Each structure stands twice: as structure tokens, then as C-alpha cells.
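# Working through the structure, step by step
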Amino acid sequence: MSNAKVLPLLEPADEGAAPCCPPLTERPFSPEEAETAARMFKALGDPVRLRLFSLVASHEGGEACVCDISDVGVSQPTVSHHLKKLKEAGLLASERRGTWVYYRVEPSVLAAMGQLLTVRSVA
């Protein structure tokens, strides 16, 4: 018998994806919103992590196998550590396929990050 889980298919996130926080110019953050945003920015504050995030986000097909991520100037165990930190911050999702792990940036994460940094005009 297999231990594999059957996961439900998720519909792609639409433009109405709930951001982690309001745009910076909308109102002051609540303590919880500040914690969420800080965790995200802290994870991206490391140059290697930012390169890895960019590499995964821009990879063909929208996901990258850890086996294809090697040329970022650090050893493979360090790459795995940084990918783990990005995943813990909610910036990456992963899926194990055989012996390899594939990482992807969820569209809702990019939408939320974009909304956070968007300047809302006051009418």
C-alpha cells in the first residue's frame, strides 16, 4: 500500500488574492501584519535567498528542481538551507518527486508582495 497523499487541485489565485498586509501607504500595520511582512522581507534580505527566489520565480514552467539550482555561489547544503528558510517564510512551496524536491512561487505570493508595495492614490 502506498503512503502517497492525494492532494486537491487548487484553482489559480485570481487578482482578489488576499495580501498578507495592506499597502504600506494605506494605514499603519497591525502587530500581526508587521510580523508577517517582516518575516517575508527578512527571508528576502539575504542576497543568496533573493537570488534563489528569483531563480525559482523565473524558471521555465514556474518551478525549479533543487537539482537544477547550483550556480549561486554556495554549496548544495547551503542552497537547501536557504530554500528551507524561504519555504518557512511562506514564499516558496515544494513538492517531492522521487528523490528530488521541486520548488515554486505561488502566484498569490507574488500578488500579495506586489499589493504590499503598491502606492494607493487617495481620491
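Naming follows an unreviewed UniProt entry, where the protein appears as Metalloregulator ArsR/SmtB family transcription factor of Streptomyces endophyticus.

On to the overall build of the protein, then. Counting its secondary structure elements, the protein contains 4 helices and 3 strands. Secondary structure elements in the protein, listed N-terminal to C-terminal, are α-α-β-α-β-β-α. Buried positions account for 28% of the 123 residues belonging to the protein. Relative to all contacts within the protein whose residues are 6 or more apart in sequence, the contacts with residues 24 or more apart total 57%. Summed over its atoms, the accessible surface of the protein is roughly 8500 Å², and 57% of this surface lies on carbon and sulfur atoms.

In this section: the side chain of Glu-33. Within the element layout of this structure, Glu-33 appears in helix α1 (residues 31-44). Excluding residues that lie within four positions of it along the chain, Glu-33 makes contacts with Cys-20, Cys-21, Pro-22, Arg-27 and Pro-28.

Looking now at the pattern of salt bridges. All told, the structure shown has 7 salt bridges when counted by the stated rule. A salt bridge links Arg-27 to Glu-33, with the shortest nitrogen-to-oxygen separation between them at 2.7 Å. A relative accessible area of 36% means that Arg-27 is categorised as partly exposed. A salt bridge links Glu-88 to Lys-85; its shortest N-O distance comes to 3.7 Å. Of the two residues, Glu-88 and Lys-85 both sit in helix α3 (residues 76-88), 3 residues apart, roughly one turn of that helix. A relative accessible area of 48% places Glu-88 in the partly exposed class. Residues joined by salt bridges that share partners form a network here, namely Glu-63, Glu-95 and Arg-97.

The next point concerns the nonpolar core. In globular proteins that are soluble, nonpolar side chains generally tend to be buried together. With 25 residues, the main nonpolar core has Leu-52, Phe-53, Leu-83, Leu-86, Leu-91 and Leu-92 as its most contacted residues. If you list the elements that add at least two residues to this core, you get α1, α2 (47-58), α3, β3 (100-104) and α4 (107-116). Aside from chain neighbours lying at most four places away, what touches Leu-83 is Leu-52, Val-66, Ile-69, Leu-92 and Tyr-103.

A few words now on α4. Residues of α4 that are buried: Val-109, Ala-112, Met-113 and Leu-116. In a view along the axis of α4, the buried residues occupy a sector of 100°, so they form one face of it.

The next point concerns the packing of aromatic side chains. Under the counting rule described, the total for this entry stands at 0 aromatic pairs. Over the aromatic face of Tyr-102 sits the side chain of Arg-97, whose NZ or CZ is 4.2 Å from the ring centroid.

The rules behind each value
Residues numbered from 1 in each chain as written. Predicted model: local features only at pLDDT ≥ 70, side-chain atom pairs only at ≥ 80, totals over all residues. Heavy atoms only, no water. Helix = DSSP H or I, 4+ residues; strand = E, 2+ residues; numbered from the N terminus. Buried < 20%, exposed > 50% of the residue type's maximum accessible area, 1.4 Å probe, protein only. Contact = heavy atoms within 4.5 Å. Areas by Shrake-Rupley, 256 points an atom, 1.4 Å probe, with all protein chains shown as cover. Salt bridge = Lys/Arg side-chain N within 4 Å of Asp/Glu carboxyl O. Core = buried A, V, L, I, M, F, W, Y, C linked by side-chain atoms within 4.5 Å. Arc of directions from axis to C-beta. Phe/Tyr/Trp six-rings, centres within 6.5 Å; stacked < 30°, edge-to-face > 60°. Lys NZ or Arg CZ within 6 Å of the ring centre and 35° of its normal.

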